Amino acid sequence: MPEPNNFPGSRRAGICWIDGSGDLWLFGGNGYDAVFALGRLNDLWKLQRFCQPPAGDLDGDCRVDFKDLNIMALHWLEDTWHH
Ligand SMILES: [Ca+2]
């Protein structure tokens, strides 16, 4: 369950990877778990990427790229001033 205060503990020899959304996944290893119990770990964590979107990042993925340019181009001539 997502919770900003969850903490995966401290470990070594775990497996980690980053998925297509930029979120970090962490599995297992040796060390201390979330309640500071020492041993072999068999837990899976997903750490969601957090960033402060830079100016021009229109889709909120923390990158300014062609996706943002596409959004801007699609809305280029919209009249939003009088709404
Ligand atoms: Ca973007």
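Higher on the page you've got the structure.
Per chain, the residues get numbers from 1 upward, laid out in the order the sequence is written. This being a predicted model, a pLDDT of at least 70 is required before a residue's local features are given, and a value of 80 or more before pairs of side-chain atoms are given or counted; all residues contribute to the totals for chains, interfaces and linings.

## Considering unusual backbone geometry
- Phi at Ala 13 takes a positive value of approximately 65°, unusual for a residue other than glycine.
- For helices the rule is a DSSP run of H or I covering at least 4 residues; for strands it is a run of E covering at least 2, with both sets numbered from the N terminus onward. When you line up the elements, Ala 13 lands in the loop between strand E1 (10–12) and strand E2 (15–18).
- Since 10 C-beta atoms lie within 10 Å of it, Ala 13 is described here as exposed.
- Despite not being glycine, Cys 62 has its phi angle at roughly 70°, a positive value.
- Summarising the element assignment, Cys 62 is placed in the loop between strand E4 (38–47) and helix H1 (66–74). For every residue, the other C-beta atoms within 10 Å of its own C-beta are counted; 20 or more classify it as buried, 12 or fewer as exposed, and values in between as partly exposed. C-beta atoms are placed from the backbone.

## With respect to the pairing of strand E3 (residues 24–32)
- For two strands to count as paired, DSSP must find a minimum of two bridges between them. Looking at chain direction, E1 and E3 are connected through 3 bridges and run antiparallel. Bridging from a neighbouring strand, Arg 11 pairs with Gly 31 of E3.
- Here E2 runs beside E3; their pairing, made up of 4 bridges, is antiparallel. Within E3, the position partnered with Cys 16 by the bridge is Leu 26.
- Turn length for the E2-E3 hairpin, with the two strands adjacent in sequence and antiparallel, is 5 residues, and the turn residue Gly 22 shows positive phi of about 85°.
- Across 8 bridges, the pairing between E3 and E4 is antiparallel. The residue of E4 that forms the bridge with Gly 29 is Leu 41.
- Turn length for the E3-E4 hairpin, with the two strands adjacent in sequence and antiparallel, is 5 residues, and the turn residue Phe 36 shows positive phi of about 65°.

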